[in-house]
Amino acid sequence: MEARLNLFASPVAAKFGKHIVAAGKALADSTLPAATQELVKLRASQINGCGFCTDMHTKDAAHAGETSTRLNLVAAWREATVFTDAERAALELAEQGTRIADAAGGVTDEAWANAAKYYDEEQLAALVCTIALINAFNRGNVIVQQPAGGYQPGQFA
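Points about the overall build of the chain
- For the chain, the count of helices and strands is 7 helices and 0 strands.
- Along its sequence from the N terminus, the chain presents helices and strands in the succession α-α-α-α-α-α-α.
- The contacts of the chain with a sequence gap of at least 6 include a subset with a gap of at least 24, amounting to 71%.
- Carbon and sulfur atoms make up 59% of the accessible area of the chain, which amounts to about 8700 Å² in all.

Written as structure tokens, this is what we have:
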């Protein structure tokens, strides 16, 4: 699949990309566990059908030590027994925050309260921002049809 637009050749896209990547670096430095961040990014990317981001976050998570079993079960996290209660809460928040068009109420109070049981305010802020950021990346990639594959861990570090 070929990209419709060369984002790297556009001054506007390059400037935007610089800022959005910087936002990602700020989140990487947060106290939200890195494994949780990658699981959330992977799940949102799966939901949004972004092959490039799904590939990238699977590889980044594996490179950071995540097991293939857990990575293979992210899409079925509700039935899988390999995730902690905190990770389940983060994945639920990510799903509801990603599927906002699917439910008139958006994120439920129950999902928020469950996440708040496991994450402090700074971590919740990082979780919300991670969900928002990956959704922005997914949408940009899906719109321009960035080709899947070929990603190397650390490529955008």
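Comments concerning the nonpolar core
- Formed by 16 residues in total, the largest nonpolar core has its most connected members in V40, Y119, L127 and I131.
- Elements with a minimum of two residues in this core: helix 1 (11–28), helix 5 (85–98) and helix 7 (121–144).

Side note on the environment of G24
- Looking at where G24 falls in the secondary structure, it is placed in helix 1.
- Distance from G24 to T130, taken between C-alpha atoms, is 7.6 Å for residues 106 residues apart in sequence.

Thoughts on a nonpolar patch on the surface
- Taken together, V107, W112 and V128 make up a surface patch of nonpolar side chains, about 230 Å² in accessible area.
- Within the secondary structure, V128 is located in helix 7.
- On the basis of relative accessible area, V128 is assigned to the partly exposed category, the value being 38%.

Examining the packing of helix 1 against helix 7
- The N-to-C vectors of helix 1 and helix 7 enclose an angle of 150°; their axes lie 10 Å apart at closest approach. It follows from the interaxial angle that helix 1 and helix 7 lie roughly antiparallel. Here the hand of the crossing between helix 1 and helix 7 comes out left-handed. Taken together, the residues of helix 7 that come into contact with helix 1 (itself represented by I20, V21, A23, G24 and L27) are A126, C129, T130, L133, A136 and F137.
- Residues of the contact of helix 1 with helix 7, tallied by class, amount to 9 nonpolar, 2 polar and no charged.

Remarks on the side chain of N48
- For N48, the location among the structural elements is in helix 2 (residues 34–48).
- At 2.8 Å, the side chain of N48 and the side chain of N138 are in polar contact.
- Contacts of N48, omitting those with residues within four sequence positions, involve T98, N135, N138, R139 and V142.

A closer look at helix 5
- Between its first and last C-alpha, helix 5 extends 20 Å over 14 residues, near the 20 Å set by a 1.5 Å rise per residue.
- The buried fraction of helix 5 is high, at 12 of 14 residues.
- For helix 5, the full list of buried residues reads A86, E87, R88, A89, A90, L91, E92, L93, A94, E95, Q96 and T98.
- Buried positions along helix 5 lie against helix 2, helix 4 (68–72), helix 6 (109–118) and helix 7.

Conventions and cut-offs
- Position labels on residues start from 1 in each chain and follow its written sequence.
- Two thresholds apply to this predicted model, a pLDDT of at least 70 for residue-level local features and 80 or more for giving and counting side-chain atom pairs, whereas whole-chain, interface and lining totals are computed over all residues.
- Excluding hydrogens and water, the side-chain values take into account all heavy atoms of the structure.
- We count a stretch as a helix when DSSP gives it H or I for four or more residues in a row; a strand needs E for two or more, and each element gets its number in order from the N terminus.
- Here, two residues are considered to be in contact whenever any of their heavy atoms come within 4.5 Å of each other.
- The method behind every accessible area is Shrake-Rupley, applied with a 1.4 Å probe, and residues are considered shielded solely by the protein chains displayed.
- Among buried residues, the Ala, Val, Leu, Ile, Met, Phe, Trp, Tyr and Cys ones that are joined through side-chain atoms within 4.5 Å form a nonpolar core.
- For every residue, the accessible area (1.4 Å probe, protein chains only) is compared with the maximum for its type, and the residue is labelled buried under 20%, exposed over 50%, or partly exposed between those bounds.
- Grouping into patches uses exposed residues only, defined as over 30% relative accessible area, and leaves out salt-bridged ones; the cut-off is 9 Å for like charges and 5 Å for nonpolar side chains (Val, Leu, Ile, Met, Phe, Trp, Tyr).
- Just to be clear on terms, a salt bridge is a Lys or Arg side-chain nitrogen sitting within 4 Å of an Asp or Glu carboxyl oxygen.
- The angle between two axes is taken between their N-to-C directions and runs from 0 to 180 degrees, where each axis is a line fitted to C-alpha atoms and a helix contributes only its stretch in contact.
- To sort the angles, those under 35 degrees are grouped as roughly parallel, those over 145 as roughly antiparallel, those from 65 to 115 as roughly perpendicular, and the leftovers as oblique.
- The sense of a crossing depends on the near helix, which, turned anticlockwise from the far helix by less than a right angle, makes the crossing left-handed and, turned clockwise, makes it right-handed.
- All residues other than Ala, Val, Leu, Ile, Met, Phe, Trp, Tyr, Cys, Pro, Asp, Glu, Lys and Arg, Gly among them, are scored as polar; the first ten of these are nonpolar and the last four charged.
- As used in this structure description, the phrase polar contact means that two N or O atoms lie within 3.5 Å; if the pair is within protein, one of them must be able to donate a hydrogen and the other to accept it, and residues adjacent in sequence are counted only when both atoms belong to side chains.
- One less than the residue count of a helix, multiplied by 1.5 Å, gives the span that helix is expected to have.

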